[in-house]
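Understanding the architecture of this molecule
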Amino acid sequence: MLSRRHFLGASLATTVYAVGSFLPVWAQNAPNLGTPTLPSPAFRRMKVGDAEVIALNDGITRRPLGEEFVKNAPLAEVRALLASQGLPTDYIDVPYTPFLVLTGGRKILIDTGLGEFGGATTGKLLDSLRAAGLQAADIDTVLISHYHGDHINGIRNKAGELVFPKAKVMVPAAEHAFWMDDARMAAAPAGMKGAFENVRRTFATMPADTLMQFAADAEVAPGIKSVAAYGHTPGHTLFELTSSGQRFFYVADLTNVPALFARNPDWAVTFDMDAEAARKVRREVFQRITASNAMLGGFHFPFPAFGRVAASGNGYAFQPAA
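Residues numbered from 1 in each chain as written. Predicted model: local features only at pLDDT ≥ 70, side-chain atom pairs only at ≥ 80, totals over all residues. Heavy atoms only, no water.

Before going further, it helps to spend a moment on the environment of A305. Relative to the helices and strands, A305 is located in the loop between β14 (295–297) and β15 (306–312). Looking at A305, the relative accessible area reads 0%, which means it is buried. Linking A305 and F43, residues 262 residues apart in sequence, is a C-alpha distance of 9.9 Å. Excluding residues that lie within four positions of it along the chain, A305 makes contacts with T97, F99, L296, G297, G298 and F318. (Helix = DSSP H or I, 4+ residues; strand = E, 2+ residues; numbered from the N terminus. Buried < 20%, exposed > 50% of the residue type's maximum accessible area, 1.4 Å probe, protein only. Contact = heavy atoms within 4.5 Å.)

Right, dumping it as structure tokens:
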């Protein structure tokens, strides 16, 4: 049985994309806060054992910082933490960075960005991919961490065509079951209907030989294991790459804005559907990563979006790769 807090959290998290436009609702009436500077070049390569991982920036959204962004901390405290790190205090820049793993002759894309459904400073994934010397048709596998629009909207274009025509699309079974459940969609609040419709736009007519569901903690490709990290969404999933004794963790939306939610893992971002579960798994995963000194990459981390985390006070500090 889905709890009321799931729907309350989900209505906040998923109304970030308005029905039809998929443009962030808050952005439609946002004050002029300037335009975020996109990284150039918009890709960064790193080696993980015998594999290569490429960060591919899909763009950046700038949103006003209000009381709602951190659900369980005073805005003054949030602003003070940002100021202590030399960051702006009246807005938040939210980057979007899928990752491409090249291993064993495979080209595996993790998450797909906003595609054609975001604002002017998003939808840059294909440009970043081309800048890195690759094309959409080169991708043989797409791994999806969860079904929020900024992770799945790049799968199809506005015409409904699959953007990565040769790729198998692999999704967490728990996530798929939640969003494709007709009873849950019918019971969802009005503000959440658009998120369910967006999932159906993306997956309902996907050919059976293209869409593949995987179980929690399964190996999804040689050397790549899925890691269940439920809380942000009911089936939110991370991916762990191991190659020649080295590790890379893709932590998806384990933390949105590490300057806030890695430093304070118990803070809850407005997008977490089950904040209590998200806080618990956030600490567990960060402890695991710091213990192994593994490299990690986050979808909403500042570009190049990968680096390491170290214990700092009550939480963790993200140290971007040089």
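The amide bond that connects S40 to the next residue, P41, takes the cis arrangement and shows omega of -5°. With respect to the secondary-structure elements, P41 resides in the loop between α1 (4–14) and β1 (43–48). Cis geometry marks the peptide bond from F303 to P304; its omega dihedral reads 15°. Mapped onto the elements of the fold, P304 is located in the loop between β14 and β15. At S244, a position not held by glycine, the phi torsion is positive, near 50°. Position of S244 relative to the elements: it lies in the loop between β12 (237–243) and β13 (246–250). What makes S244 exposed here is its relative accessible area of 54%.

Moving on: the pattern of salt bridges. Counted by the stated rule, this structure contains 11 salt bridges. Ionic pairing is found between E68 and R63, a salt bridge with its closest N-O pair at 2.9 Å. Its relative accessible area of 5% is what places R63 among the buried residues. Put simply, E240, R247 and R288 are held in one network by salt bridges that share partners. (Salt bridge = Lys/Arg side-chain N within 4 Å of Asp/Glu carboxyl O.)

What helix α2 (residues 75–84) keeps buried is the set L75, V78, L81 and L82. When α2 is viewed along its axis, its buried side chains cluster within an angular range of 125° and face the same direction. Away from the buried face of α2 by more than 90 degrees, exposed residues A76 and S84 are located. Check the buried side of α2 and you find it contacts β4 (91–96) and α8 (258–261). After α2 finishes, the residue G86 shows a positive phi value of roughly 75°. (Arc of directions from axis to C-beta.)

Here seven strands make up an open sheet; going across it, the order is β10-β11-β12-β13-β14-β15-β16 and the pairing mixed. Two strands lie at the open edges of the sheet, namely β10 (219–221) and β16 (315–320), each paired on one side alone. This sheet shows a mean twist of 35° between the axes of neighbouring strands, independent of strand direction. Relative to β15, helix α9 (residues 275–292) is tilted by about 105°, and along the sheet it contacts β11 (224–228), β12, β13, β14, β15 and β16. (Pairing = 2+ DSSP bridges. Axes fitted to C-alpha atoms, helices over the stretch in contact; angles between N-to-C directions.)

What follows deals with the nonpolar core. F69, I224, F248, L260 and L296 are the most contacted members of the largest nonpolar core, which totals 60 residues. Aside from chain neighbours lying at most four places away, what touches F248 is M46, V48, V53, F99, F239, E240, L241, M295, L296, G297 and F306. By size, the runner-up hydrophobic cluster in this structure holds 34 residues, among which are L56, F178, M185 and V199. (Core = buried A, V, L, I, M, F, W, Y, C linked by side-chain atoms within 4.5 Å.)

Counted residue by residue, strand β3 (residues 59–64) has five buried out of six residues, so it is predominantly covered. The pairing of β3 with β4 spans six bridges and is antiparallel. Within the sheet, the bridge partner assigned to G59 lies in β4 and is Y96.

With that settled, the discussion passes to the confidence of the model for the protein. Per-residue pLDDT for the protein has a mean of 92; in total, 90% of the residues score no lower than 70. Here residues 1–5 is modelled with pLDDT under 50, and outside its nearest four sequence neighbours on either side it reaches six contacts, counting other chains as well. For the stretch residues 7–28, pLDDT sits under 50, and the model shows 59 contacts to residues farther than four places along the chain or on other chains. (pLDDT = per-residue confidence, 0-100.)

Here we take up the layout of surface pockets. Estimates place the volume of the largest pocket at around 500 Å³. In terms of lining residues, the largest pocket is bounded by 23 residues, among which L87, D93, V257, A259 and P302 are the most central. When residues of the lining of the largest pocket are traced back to their parent elements, those giving at least two are β4, α8 and β16. For the lining of the largest pocket, the element with the highest residue contribution is β4, accounting for four residues. The class makeup of the residues in the lining of the largest pocket is 18 nonpolar, three polar and two charged. (1 Å grid on protein atoms, 1.4 Å probe; cavity = no way out; pocket = protein on both sides within 12 Å on 5 of 7 lines; lining within 4 Å. Points joined across faces, edges and corners; volume = space filled by probe spheres on them. Nonpolar A, V, L, I, M, F, W, Y, C, P; charged D, E, K, R; others polar.)

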